[in-house]
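# Per-entry structural report
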Amino acid sequence: MSAESDVMVVAGILALLYRITPTVVGEGPEETATRNYIAEDHAGRRWFVKAYPRGTDLEAERQALALGEAARAAGVPVPTVRRTVSGEVIASAGGLSVSVTQYVADAETAEGGLSRGRWDAVGEAVGRLHRALGGVVKCHAHIRSDARVTAAS
């Protein structure tokens, strides 16, 4: 499919399966394993739409979204997941499978590196994640006892 036809499919999925009437759908951030879109609805709300490539383990993606919802419920600053009209976190139609979350404007990722106060913010968020998900996931079961974490400054 072309990028233009994918945008049309995304707009259709949003309208039919999420009950979001998009006024604008455009391509979003790149350089990830997914194809991303930003949609805006008639009320001015913005949505982040993640389209998964064919062959993606959608069950693993559902589990990741569920962990995000659990973290959000515990106070970790994670975008809200929008569910479909049937209550699903991932919708599939027209050859695409997508998830939809609240769009966070000016969000920064660690891909460009971390410096100064961002390390503190990341440490605080990771601490919240550990407290929130500690009973849900055995996060460190795979880490060797001699493993070390180092950080560039």
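Read on for an overview of the structure. (Residues numbered from 1 in each chain as written. Predicted model: local features only at pLDDT ≥ 70, side-chain atom pairs only at ≥ 80, totals over all residues. Heavy atoms only, no water.)

With that out of the way, let us pick up the pattern of salt bridges. On inspection of all chains with the given rule, the structure shows five salt bridges. A salt bridge links Arg 35 to Asp 6; the shortest N-O distance between them is 3.4 Å. Of the two residues, Arg 35 is situated in strand β2 (residues 35-41) and Asp 6 in helix α1 (residues 3-17); the sequence distance between them amounts to 29 residues. For Arg 35, a relative accessible area of 32% translates into the label partly exposed. What makes Asp 6 buried here is its relative accessible area of 7%. With its nearest N and O atoms 2.8 Å apart, the salt bridge here joins Glu 69 to Arg 83. With a gap of 14 residues between them, Glu 69 in helix α2 (residues 58-73) and Arg 83 in the loop between β4 (81-82) and β5 (91-93) connect regions that are remote in the sequence. Since its relative accessible area comes to 25%, Glu 69 is described here as partly exposed. Here the residues in one salt-bridge network are Asp 6, Glu 27 and Arg 35, joined through shared partners. (Salt bridge = Lys/Arg side-chain N within 4 Å of Asp/Glu carboxyl O. Helix = DSSP H or I, 4+ residues; strand = E, 2+ residues; numbered from the N terminus. Buried < 20%, exposed > 50% of the residue type's maximum accessible area, 1.4 Å probe, protein only.)

As a further point, take α2. With 16 residues, α2 extends 22 Å from end C-alpha to end C-alpha; this agrees with the ideal 22 Å at 1.5 Å per step. Along α2, the residues classified as buried are Leu 58, Leu 65, Gly 68 and Ala 71. On an axial view of α2, the arc spanned by its buried residues comes to 130°, and they lie on one face. Looking at the buried positions of α2, the neighbouring elements they touch are β3 (46-52), β4, β5, β6 (96-102) and α3 (117-133). At the N-terminal boundary of α2, the capping side chain belongs to Asp 57, with an oxygen 3.2 Å from the backbone nitrogen of Glu 59. Backbone geometry just after α2 places Gly 75 at a positive phi near 100°. (Expected span 1.5 Å × (residues − 1). Arc of directions from axis to C-beta. Contact = heavy atoms within 4.5 Å. Polar contact = N/O pair within 3.5 Å; in protein donor to acceptor, adjacent residues only side chain to side chain.)

Shape is all these values report; function is a separate question.
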